[in-house]
Each structure stands twice: as structure tokens, then as C-alpha cells.
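# Examination of the molecular architecture
Spelled out, the chains give:
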Amino acid sequence: MALTTNKTVLSWIDEQVDLVKPDKIVWIDGSKEQIEALRAEACATGEIIKLNEELLPECFLHRTAQNDVARVEHRTFICTPTKEEAGPTNNWKDPNECYAMLREIAKDSYKGRTMYVIPYSMGPIGSPLSKIGVELTDSIYVVLNMAIMTRIGKAVFDVLGDSNDWVRGLHCKCNIDEENRYICHFPQDNTIISVNSGYGGNVLLGKKCFALRIASYQGRNEGWQAEHMLILGLEKPNGEVKYICAAFPSACGKTNLAMLIPPEGYKAKGYKVWCVGDDIAWIRKGADGRLYAINPENGFFGVAPGTNEKSNFNALASTKKGTIFTNVVHNLDDNTVWWEGLDKNPPKNALDWLGNPWDGTTSDKKGAHPNSRFTAPAQNCPALSPEFENPNGVPISAFVFGGRRAKLAPLVYQAKDWNSGVFVGSSMASETTAAATGAVGVVRRDPMAMLPFCGYNMADYFKHWIEIGKDLDPEKAPKIFNVNWFRKDDEGNFLWPGFGENLRVLDWIIDRCEGRVDAVETPIGYVPYAKDINLEGIEDEISYETLEEILKVDNALWKEEAANIEEFYAQFGDRLPQELRDSLNKLKAAVE
Ligand code: GTP
Ligand code: SPV
Ligand code: MN
């Protein structure tokens, strides 16, 4: 039975039904009974495996196809009427040609299958900052993941009413054929079509496709921002909480930072970190003239490898109930899961992420895929912010950019003003990770961590950032910073201990926002005096000299960097905002 009378929804679904020809249609109402029935059905077909109910209640394991383990950036398209609107950093297809191609692929693909209709809200249902989508899928795995990652069910349609303001999403597994895999966005039509994949970012259409690609386009037109950013609240001993949004590229530490546990000394003083979000932020100016952010998601789709009690206690705790694990090791002895970096005891009797026998010691092959993930309910997180459901979001004090740079960028620096901050974000670069298919460890420019996620011309996106700043009272505008947890020595060892210790840097950032600490002025911005980064308790992990080393700005290296940025900027031609060109010229002059 249809859960809505909204004509725009019903007629669109009719069209899709005509195209893909499902055997039956199931409307997802969000009820516990329906979810349980779907879990049982997916267990019966082997699509998911029920894990140990005592140790991991309501948790499941899923294995994707071997050729379908990460986002596919080269098969992701922004289908705006002109190529210029998509810009030089996006793949583009003509919308009409793309629709025709996709129709051919999707045609009859639900034959013998069920169409699930998922109404979902990105952001708290009914919040003025939230938006609604409907995803059609032939995958129970997608339904179960969307039920964790978003707010789903009938209440969403109730809020939508007769409105046409919702995002259409069609997902067809087809044959998981790599050669015919396409993740396509039609920003002008509020439409997403994803075919031939069953992997997270390609098929959970509320996430990257809607909440970043489509939403960034909507945000530009409507005066707000959709960003690839975590949101955290830093509580000081006096009880005051300051909020930070941070953009790091995929698998560069957002989940870790968002759920950080303060080092012992800080904990004792009363410091706490509250997690509002670990991947996406929707940001809008509030009535008081400050920027406010909500997390549009309702769960965490986190990188499993490396997650352990020490590196991210809160993330691990979040996975203990109601979680779906994808492409990790299946421990057959106790029917639980394992991944590299969980602990030092790989199971002896296990299956690897492909489902092949694996014993953790004799094989040199990894047991879990490097991009294996957990889908965990946000409510499980012990550090979840009390503001998580606040429909108006949280006020932002600082924006932080960062990436993996083995040599160049100092541990932290502050941009001199908003526009220089936009320059810092626009020229961000990072070594690539396993989150997308393709080479790993190659330095690429990834502006604001949005390279794979910007739904329109990146130069116009930069312009949007500049415009947002013009509209803010500089006193109320978030201050902008850059961090780099990934500086390495010549042997390839990380110089900064990272993880929980990153609080030491956040503390400096908030002190800067409050005007409580001086800094050294350099060609790239304000860098801390080494004495102002507290090393108490980690002196055996990092010496004062090493700290000084990773705070240094090497003009010769920055000269190269500036030349590199200029090269990157060239592709945007005249569309690049003059403000960024000015910032680049200032940097060039300063390091000369
Ligand atoms: P997406 O979900 O892909 O957007 O990524 P994310 O940014 O949330 O990534 P996540 O926090 O899961 O980062 C995972 C990787 O970053 C793991 O390999 C971690 O070990 C590593 N990492 C996170 N924080 C730190 C840190 O402070 N120092 C070092 N050296 N590595 C870190
Ligand atoms: C990322 O790659 O940035 C992710 C994971 O957060 S995915 O949802 O697959 O895009
Ligand atoms: Mn991400």
C-alpha cells in the first residue's frame, strides 16, 4: 500500500516501475517489524549473515562483489545541461543522452525482484535545515543500511505532504557489471540514478549523491552549504562547548577526530569531545548572523581497518549493536568480525572479506578489505552530542581543512582571514586512500575534500564560499585553519602521535578563535609557537624538537606548492574567483 498520496511521488514511481518492471513493490514504513522481516529474508538468501547475538546483538555481515568495494569516481557523472556547469573536475554527460543510456541499462532489471520504496529525511525529520528523498532499490542491504544512515519511514512522507521538493533516487543492482556501472546526478531534476553497484557510497543515495552532490548544488542556489565535514563540540573545563567543522578527504581521519577521546591529562581537567557528525555537514546562517551546522545523517559509515579501542573507542563502541559490517573478516569460532588493526589476535578459523578460508597467520593477504566499513547507528555512540537532534544545528566557531601531506603542511596553521581561508581550502591536497578505486598514496588536489562530491563547477563552488564570507560579520564568521596529522620522517614514520592527541591542536584552535593565544605570522598564515602546543604526557612519543620541526614553514617547498596550485587553478580559467588569484599571488610573493 502506498504510504503517500503525493502525486509527484506516485507518478515518478509509476514511471520507474514501467521501466524496471519489479515483481512487487514494498513501501518502507520504518517499523521495527518490517526491518526484522527484511533482515530475516536477507539472511535466508545469504545476502547478509547474522552475527553472534550475545556479543553483537542485531549485527550482520555483508560481502560485496569482489569488483565492487569502493566509490567509482571515474564512473560518477554530473549531468548538467552544459559541460561548463559541471566544471573541469567532474565527469559530465549530456542529461538526455545519459537518461537514455541509463534507461537501456535499467530496463526490466527488477524482473524477479522486489522494488523497495524508501522515504528518507536527511537531517532531523521536519527540521528547517533538513531535506527529503525517496530511494527506489532492489537491494535489501541498501534498505537496511538506509534505515541506519538516515531517518526513514512514513513520518517522512507526512512532512513532505504534497510538496515537489524531494530528491528522486533510483538504484538498480543489475548484474554488478563493472563495465556498466554508473553513478549519475541530474542536479536540475533533483534526480540520482545508480546502476550496477551494491557498494555504500555508490548506492546509499542519501549520502554522497544527495547530501553532497545534489545538496551542494541546491545550497549554491539557496544560499547554504553542503560540505564533506565532521562536526564536533569541544567542551572546555568550564562547561562551554565550541563547535568545529572539519573537512578531510575520504579515509583521512574525520570519524576519528569526530569521536576523539581526550588524553588523560585533559580528561582529568574536564575536557570532552561531543560528536555531532563524522562525514557531512549542512551549514546555514542563523538568525543571530552566525553559521549553524546539522549532520544530515543518522549513522556512521566508517572505515573498519585501524578502528580499535585505542584509536577510536567511541567508533568501536558504536558498532556493538544494530550494525552492518561490510567486507570484514568473519570469525567462525565465535561468529563475530575482525579487521586489520582491531587487535593483535587475528582469528585462526575465519573467512576473509571474499568468503575464502583465512587463518590470519599463514596468509600474507589482508583479511578485511582496506575499505571495509561498518554501518552503525549514531545513537550507539557514547560521545554523541546532546545537540545531535537539534533541528537548528550548532553554531560553528572554526572550519578546519586537512589532508595527508607527508612533508609540506605544518601540524596546524590559521588563515589570516576568510578569503585566505577559502584559498587554503581550495588548494588542499592529500595522498589518495582506498576509499575510491584507483592508485593509493598519490598526492592530488582535493579542494575542501569535495573533489569527488561537488555537484557543479568547482570554480563556482569557490565563489560560493567567498560569497558566504561576504555575507558574514567578520566577528561572527568561523575562523579557518589547516591541520596535518600525517607528517612523516624519512623512514616513513608519522611524526605526530595523532588520534586522541589531536585534542591538543583543537585546544589551540579554540584558543585562537577566542583570541587567547599569540601565533607566529608566516607566508601561509599563523602558526603556533611550539610552547603553546601542550606536550605534557606525550614527551616520550614526540620531542619538543620534532614539534618545532612539524610547525616549520619551508619557503622553498611552499614556492613549489604555489606553482603547483597555479597549475591546478589554470583549468578554471576566468571562472576562478579573483580573490583566490590574489591570495595565490600574495603567497608567491611572500615565499619568494
Ligand atoms: P570517510 O568515511 O572515507 O569520509 O573517511 P574519514 O575521514 O571519516 O576517515 P577515518 O576517520 O575513518 O580515517 C581512517 C584512517 O585515518 C585510518 O587509516 C586511521 O588510522 C587514519 N587516522 C585517523 N586519524 C589519524 C591520526 O590522527 N593520525 C594518523 N597517523 N592516522 C590517522
Ligand atoms: C567516503 O569515501 O568519503 C565515504 C565513504 O565517506 S562512501 O560513502 O563510500 O563514499
Ligand atoms: Mn566521506
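Criteria and cut-off values
Residues numbered from 1 in each chain as written. Chains lettered and ligands numbered in written order. Predicted model: local features only at pLDDT ≥ 70, side-chain atom pairs only at ≥ 80, totals over all residues. Heavy atoms only, no water. 1 Å grid on protein atoms, 1.4 Å probe; cavity = no way out; pocket = protein on both sides within 12 Å on 5 of 7 lines; lining within 4 Å. Points joined across faces, edges and corners; volume = space filled by probe spheres on them. Nonpolar A, V, L, I, M, F, W, Y, C, P; charged D, E, K, R; others polar. Pairing = 2+ DSSP bridges. Helix = DSSP H or I, 4+ residues; strand = E, 2+ residues; numbered from the N terminus. Near = heavy atom within 4 Å. Polar contact = N/O pair within 3.5 Å; in protein donor to acceptor, adjacent residues only side chain to side chain. Areas by Shrake-Rupley, 256 points an atom, 1.4 Å probe, with all protein chains shown as cover. Domains from an automatic or database assignment. Contact = heavy atoms within 4.5 Å. Buried area = accessible area lost by both parts, 1.4 Å probe. Phe/Tyr/Trp six-rings, centres within 6.5 Å; stacked < 30°, edge-to-face > 60°. Buried < 20%, exposed > 50% of the residue type's maximum accessible area, 1.4 Å probe, protein only. Lys NZ or Arg CZ within 6 Å of the ring centre and 35° of its normal. Salt bridge = Lys/Arg side-chain N within 4 Å of Asp/Glu carboxyl O.

## Structural notes on empty space enclosed by the protein
Applying the stated criterion to the full structure yields one cavity of 30 Å³ or more. The space that makes up the largest cavity amounts to roughly 40 Å³. V276, A293, I294, N295, E387, F388, N390, G393 and V394 together form the lining of the largest cavity. Here the lining of the largest cavity is composed, by residue class, of five nonpolar, three polar and one charged.

## Re the layout of surface pockets
Size it by volume and the second largest pocket reaches roughly 560 Å³. The wall of the second largest pocket is formed by 27 residues, among which I261, P263, K310, G500 and E501 lie closest to the centre. Among the residues making up the lining of the second largest pocket, the classes are represented as ten nonpolar, eight polar and nine charged.

## Points about the sheet that holds strand β22 (residues 350-351)
One open sheet holds the four strands; their spatial order is β21-β20-β22-β23, and the pairing between them is antiparallel. In this open sheet, the two edge strands, each paired with only one partner strand, are β21 (336-338) and β23 (357-358). Alignment of strand β20 (residues 329-331) against β22, held across two bridges, turns out to be antiparallel. Bridging from a neighbouring strand, H330 pairs with L351 of β22.

## Section: the site of ligand 2
Around ligand 2, the surrounding shell consists of R71, Y199, G201, K207, K208, H228, S250, D279, F301, R373, A435 and F453. Interatomic distance of 2.8 Å between a side-chain N/O atom of R71 and an oxygen atom of ligand 2. Within the contact set of ligand 2, an oxygen atom lies 3.3 Å away from a side-chain nitrogen or oxygen of H228. Surface burial for ligand 2 is 98%, taken as the share of its 290 Å² of free accessible area covered by protein chains. Tallied by class, residues from the shell around ligand 2 come to four nonpolar, three polar and five charged. Structurally, the shell around ligand 2 is a two-domain feature, drawing no fewer than three residues from each of domain 1 (7-45 + 72-223) and domain 2 (227-297 + 388-591).

## Looking at the domain arrangement of the chain
Partitioning the chain into domains gives domain 1 (7-45 + 72-223), domain 2 (227-297 + 388-591) and domain 3 (299-380). With 14 residues of domain 2 in contact, the opposing surface of domain 3 contributes 13 residues. For the pair domain 2 and domain 3, the summed buried area comes to about 1,100 Å², and 59% of that belongs to carbon and sulfur atoms. It is M259, I261 and A434 in domain 2 that bury the most area against domain 3; as a group they hold 39% of the surface buried on that side.

## Topic: the packing of aromatic side chains
Taken as a whole, this structure holds 25 aromatic pairs when the rule is applied. For the pair Y120 and F210, a centre-to-centre distance of 6.1 Å together with 65° between the ring planes defines the contact as edge-to-face. One end of the pair, Y120, is in strand β6 (residues 114-122); the other, F210, is in helix α8 (residues 206-222), and 90 residues separate them in sequence. By relative accessible area, which is 1% here, Y120 ends up buried. Each residue in the set F423, Y456, Y461, F462, F568, Y569 and F572 is aromatic and connected to the rest through ring pairs, giving one cluster. Lying across the ring of F453, K208 places its NZ or CZ 4.3 Å from the centre. Sitting over the face of the ring of Y526, R512 holds its NZ or CZ atom 5.0 Å from the ring centroid.

## Some points on the pattern of salt bridges
Summed over all chains, the structure comprises 41 salt bridges. Residue E53 is joined to K50 by a salt bridge in which the shortest nitrogen-to-oxygen separation is 2.3 Å. Assessed through its relative accessible area of 43%, E53 is described here as partly exposed. For the salt bridge of E579 with K463, the shortest nitrogen-to-oxygen distance reads 4.0 Å. In this pair, E579 sits in helix α17 (residues 578-591) while K463 sits in helix α13 (residues 458-470), placing the two residues 116 residues apart along the sequence. Judged by its relative accessible area of 30%, K463 is partly exposed.

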